[in-house]
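One letter stands for each residue in the lines below.
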Amino acid sequence: MSWNDGESRRELAKTYTPEESEGKWYPFWKQIGFFHQEPDPTRPTYSITIPPPNITGSLHMGHALNNSILDTMTRWHRMKGYVTLCLPGTDHASIATQAVVERELAKEGIARQDLGREKFIEKCWEWREVYGNRIYHQFERLGCSYDWERVRFTMDDSYVDAIMTCFEDWYERGLIYRGTRVENWDVKLQSAVSDIEAYTETRQGKLYHFRYPFADGSGSITIATTRPETLLGDTAVAANPEDERYQPHFGKMLALPLTNREIPLIADDYAKPEFGSGAVKVTPAHDFNDFECGRRNNLPQIVVIGKDGKMTAEAGEKYVGMERYAARKQVLADMEELGLLVKTEDYTIQTPISDRSKEVIEPLLSEQWFVDMKPLAEPALEVVQQGKVRFFPERYKAIYLHWMENILPWCISRQLWWGHRVPVWWTEEGGKRRHVFARTQEDAIAKLGTENCWQDEDVLDTWFSSGLWPHA
């Protein structure tokens, strides 16, 4: 096929060559400003903010899919005469970015502690300047018609202002509070991590059956565990209240092996009669379910594995300082020597792994900042219960309702340096600590009435800020 403009004759290429056309036209579209529009009250509007990808990586097939859809919808409305905005941006990705920058520094034999907080954050900004814009170029290669004059980053000043506003509102309403719960702990990153920052691997392990003697010498109870090292932090053994085997013994004390402590046999439906012996050890500081059981029964919470993955002084003089897996072997050997190891079985374990460090997650009791999710979930629960919001397929309604009705407090603090620092300031007087929300140190001094104050060391969970993206 050819065409003649009267002066020349050109052949239309038989195959489409994207490098020739795309490399030419996209820069032209940007230069002319085809993707930027100003508000016009006489025309209908159409606005989308793209889900901000992390600055640490490259686009993947999921990004290609959803951004192609967003771009198609935007272009369609643009052609229909709407004032359109498809707003691009990226997420600072606290844990992912810090992990990458620490990994790069490690190649030079440098730890972030060697640099200190301010210098390390400077390194993170340097990394962002070099690699953080790579994703924008990839969006351009996809042909996305985004308004590059309005690009946003979750560390922008205006965005930080939105985060501070939300935090202040929830803090003053008592929805944000300081508390202690068992959370996912990454012993390498030395930080709490969320469920979505972890994945599960199926690993072959062992199930160990131990005997716990009654303190009065009247026999023993057999329990099973995949983590013998946590035995040192047990504060009870639980059996189901309907289990006739244990009904005569509820309230009796057991001599906890390898320690000088006694722990009670309690009745709690957490224990299932059909599983193993029907009795389970309860370690409230090192297991999510045990934590809830411990709260129901007012059990002590004894931390025997520290944030560094090593045994604490609470574990006993023989085990203190041992790495958690070395302690597992030692506890197993000691129980066998005492004749309290009943049997060992091969066992398939669903093992939680930190997505960033690839370390096995340690469920650990720690003090963190939380959001009380129950009041916040109520409106979202009601609109579904009332039929104002419907699910397709319908079966997902039950899943959603179960999740919302059983929602737990949200841990929003991370023990990292890169990110939005928790806007809470502390002071200590007479052995008592107080804290207030403040955007600046001057504001904190005015509120606390003293210059002897300091800002909380933690940063906010990335999702606290990212969740504000459609609003901010």
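Above this text you will find the structure in question.
Just so we're clear, the structure is a prediction, and the values are computed from it rather than from any experiment.

A. Inspection of the packing of helix α3 (residues 94-106) against helix α5 (residues 117-131) at higher detail. At a minimum axis distance of 10 Å, the contact between α3 and α5 shows a crossing angle of 100°. Relative to α5, α3 is oriented roughly perpendicular. Contacts between α3 and α5 involve Q98, V100, V101, E102, E104 and L105 from the first element and F120, K123, C124 and W127 from the second. Residue composition of the contact of α3 with α5, grouped by class: six nonpolar, one polar and three charged.

B. Spotlight on the pattern of salt bridges. Going through the model one piece at a time under the given rule, you end up with 36 salt bridges. When the shortest N-O distance is used, the salt bridge between E102 and R112 registers 3.2 Å. Of this pair, E102 sits in helix α3 while R112 sits in helix α4 (residues 112-115), placing them ten residues apart in sequence. You can call E102 partly exposed: its relative accessible area is 22%. Using a relative accessible area of 7% as the deciding quantity, one classes R112 as buried.

C. Structural view of helix α8 (residues 288-296). Listed in full, the buried residues belonging to α8 are D290, F291, C293 and G294. Across the axial projection of α8, the buried residues extend over an arc of 165°, all falling on one side. Buried residues belonging to α8 abut β7 (176-186), β13 (262-267), β14 (279-282) and β16 (362-371). The opening residue of α8 is D287, an N-cap whose side-chain oxygen sits 2.9 Å from the backbone nitrogen of N289. Count one or two residues on from α8 and you reach N298, which has phi positive near 55°.

D. Broad picture of the sheet that holds strand β8 (residues 191-193). If you walk across this open sheet you meet the four strands as β8-β7-β16-β17, and the pairing is antiparallel. Looking at which strands have only one partner, the edges of the open sheet turn out to be β8 and β17 (410-411). In the sheet, β7 pairs with β16 via ten bridges, with the strands oriented antiparallel. Of the residues in β16, the one forming a bridge with I176 is V371. The strands that α8 touches are β7 and β16; relative to β7, the one it contacts most, it runs at about 140°.

E. Representation of helix α2 (residues 61-79). With 19 residues, α2 extends 27 Å between its outermost C-alpha atoms, agreeing within 8% with the 27 Å of an ideal straight helix rising 1.5 Å per residue. Residues of α2 that are buried make contact with β3 (45-49), β4 (83-87) and α6 (134-142). Positive phi shows up at G81, right after α2, with a value of about 100°.

F. Representation of the environment of R434 within the structure. With respect to the helices and strands, R434 occurs in strand β20 (residues 432-437). Residues R434 and Y199, 235 residues apart in the sequence, show an inter-C-alpha distance of 37 Å. Contacts of R434, omitting those with residues within four sequence positions, involve W425, W426, T427, E429 and L448. Within the structure, the side chain of R434 is placed 3.1 Å from the backbone oxygen of L448, a separation counted as a polar contact.

G. Region of interest: the side chain of D234. Assignment of secondary structure puts D234 in the loop between β10 (220-225) and β11 (236-239). Judged by relative accessible area, which is 0%, D234 ranks as buried. Among the polar contacts made by the side chain of D234, one reaches the side chain of Y212 at a distance of 2.7 Å. Here the side chain of D234 touches K281 through a polar contact of 2.7 Å, side chain to side chain. In this structure D234 touches Y212, L256, R261, I263, K281, V282 and T283, once residues within four positions along its chain are discounted.

H. Highlighting a nonpolar patch on the surface. Side chains of L65, I69, M73, W76 and M79 sit close together on the surface and give an oily, nonpolar patch of about 560 Å² of accessible area. With respect to the secondary-structure elements, L65 resides in helix α2.

I. How the structure looks around the state of the cysteines. Scanning the model with the defined rule gives zero disulfides in all. Free cysteine: C166, not disulfide-bonded; nearest cysteine sulfur from C411 at 16 Å.

J. Quick look at the packing of aromatic side chains. Tallied over the full model, the rule gives 23 aromatic pairs. Measuring from ring centre to ring centre gives 5.9 Å for F120 and W417, while their planes differ by 70°; the resulting arrangement is edge-to-face. You can see F120 sitting in helix α5 and its partner W417 sitting in the loop between β18 (413-414) and β19 (424-429), a full 297 residues away along the chain. Residue classification places W417 among the buried positions, given a relative accessible area of 17%. Relative to Y146, the ring of F139 lies with its centre 5.5 Å away and its plane at 65°, an arrangement referred to as edge-to-face. Here F139 matches Y146 in class, with each residue buried.

Criteria and thresholds
Residues numbered from 1 in each chain as written. Predicted model: local features only at pLDDT ≥ 70, side-chain atom pairs only at ≥ 80, totals over all residues. Heavy atoms only, no water. Axes fitted to C-alpha atoms, helices over the stretch in contact; angles between N-to-C directions. Helix = DSSP H or I, 4+ residues; strand = E, 2+ residues; numbered from the N terminus. Parallel < 35°, antiparallel > 145°, perpendicular 65-115°, else oblique. Contact = heavy atoms within 4.5 Å. Nonpolar A, V, L, I, M, F, W, Y, C, P; charged D, E, K, R; others polar. Salt bridge = Lys/Arg side-chain N within 4 Å of Asp/Glu carboxyl O. Buried < 20%, exposed > 50% of the residue type's maximum accessible area, 1.4 Å probe, protein only. Arc of directions from axis to C-beta. Polar contact = N/O pair within 3.5 Å; in protein donor to acceptor, adjacent residues only side chain to side chain. Pairing = 2+ DSSP bridges. Expected span 1.5 Å × (residues − 1). Patch = residues over 30% accessible without salt bridge, like charges linked within 9 Å, V, L, I, M, F, W, Y side chains within 5 Å. Areas by Shrake-Rupley, 256 points an atom, 1.4 Å probe, with all protein chains shown as cover. Disulfide = S-S within 2.5 Å. Phe/Tyr/Trp six-rings, centres within 6.5 Å; stacked < 30°, edge-to-face > 60°.

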